[in-house]
Amino acid sequence: MSATPNSSLANTIGRRKNAIARVYVSPGNGNIEVNGRSYTEYFPLATLQQVVLKAFNATQTSGQYDAKARLNGGGVSGQAEALQLALARALDQINGAFHTVLKTEKMLTRDPRMVVRKKFGRRKARRRFQFSKR
């Protein structure tokens with residue numbers, strides 16, 4: 001008995017900013033479920049839906065795999081990009097021939113940029129309080 005649910009082919013993780021996406025990919029007919037909901041319901045914006053589907057479109061495998069994802073942390077755009085990275089890693093794990101396509105599309109690289117922390121004596125991370133000469 002395997003530890004992954006629904007006899008998945010690939011179990012990967014993707015991160016972006018503070019968002020974490022855990023993905024289980026299995027053969028199917030293209031259903032992508034995010035936190036128990038359809039990805040179109042979870043990401044109502046068309047641009048975010050395109051970000052999620054980018055890995056499938058690049059490898060021309062849309063409609064061949066089902067994906068179940070658990071997302072937490074961060075905002076919606078960070079979650080969509082974390083899901084994209086996790087799906088790209090899963091497709092790379094399933095078929096090594098996809099590696100060059102995903103690499104040229106820059107989908108296998110984790111974006112290291114994080115939010116700069118707020119410093120004391122300042123209004124935000126870099127923003128200072130208004131200076132008054134008199």
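Definitions and cut-offs
- Residues numbered from 1 in each chain as written.
- Predicted model: local features only at pLDDT ≥ 70, side-chain atom pairs only at ≥ 80, totals over all residues.
- Heavy atoms only, no water.
- Helix = DSSP H or I, 4+ residues; strand = E, 2+ residues; numbered from the N terminus.
- Rg over C-alpha atoms; globule rule 2.2 N^0.38 Å.
- Contact = heavy atoms within 4.5 Å.
- Areas by Shrake-Rupley, 256 points an atom, 1.4 Å probe, with all protein chains shown as cover.
- Lys, Arg positive; Asp, Glu negative; His and termini not counted.
- Charge placed at Lys NZ, Arg CZ, Asp CG, Glu CD.
- Pairing = 2+ DSSP bridges.
- Axes fitted to C-alpha atoms, helices over the stretch in contact; angles between N-to-C directions.

**Quick look at the overall build of the protein chain**
Reasoning step 1: Within the protein chain, the regular secondary structure consists of four helices and five strands.
Reasoning step 2: Its helices and strands taken in sequence order, the protein chain reads β-β-β-β-α-α-β-α-α from the N to the C terminus.
Reasoning step 3: Computed over C-alpha atoms, the radius of gyration of the protein chain comes to 18 Å, more than 25% over the 14 Å expected from 2.2 N^0.38 for 134 residues, which places it beyond the range of a compact globule.
Reasoning step 4: Over its C-alpha atoms, taken along the principal directions, the protein chain stretches across nearly 70 × 30 × 30 Å.
Reasoning step 5: Taking the intrachain contacts of the protein chain between residues at least 6 apart in sequence as the baseline, contacts between residues at least 24 apart amount to 66%.
Reasoning step 6: Entry remark: accessible area of the protein chain is about 8700 Å², with carbon and sulfur atoms responsible for 50%.
Reasoning step 7: For the protein chain, the distance from the average position of its 24 positive side-chain charges to the average position of its 7 negative side-chain charges is 21 Å.

**Observations regarding the sheet that holds strand β3 (residues 32-34)**
Reasoning step 1: Spatial strand order, β1-β2-β5-β3-β4: five strands in an open sheet with mixed pairing. Each edge of the sheet is formed by a strand with only one pairing partner; in this case those strands are β1 (10-16) and β4 (37-38).
Reasoning step 2: Where β3 and β4 come together, two bridges link them in antiparallel fashion. Across the sheet, Glu33 pairs through a bridge with Ser38, a residue of β4.
Reasoning step 3: The sheet contacts of helix α3 (residues 76-94) involve β1, β2 (19-27), β3 and β5 (65-72), and relative to β1 the element is tilted by about 145 degrees.

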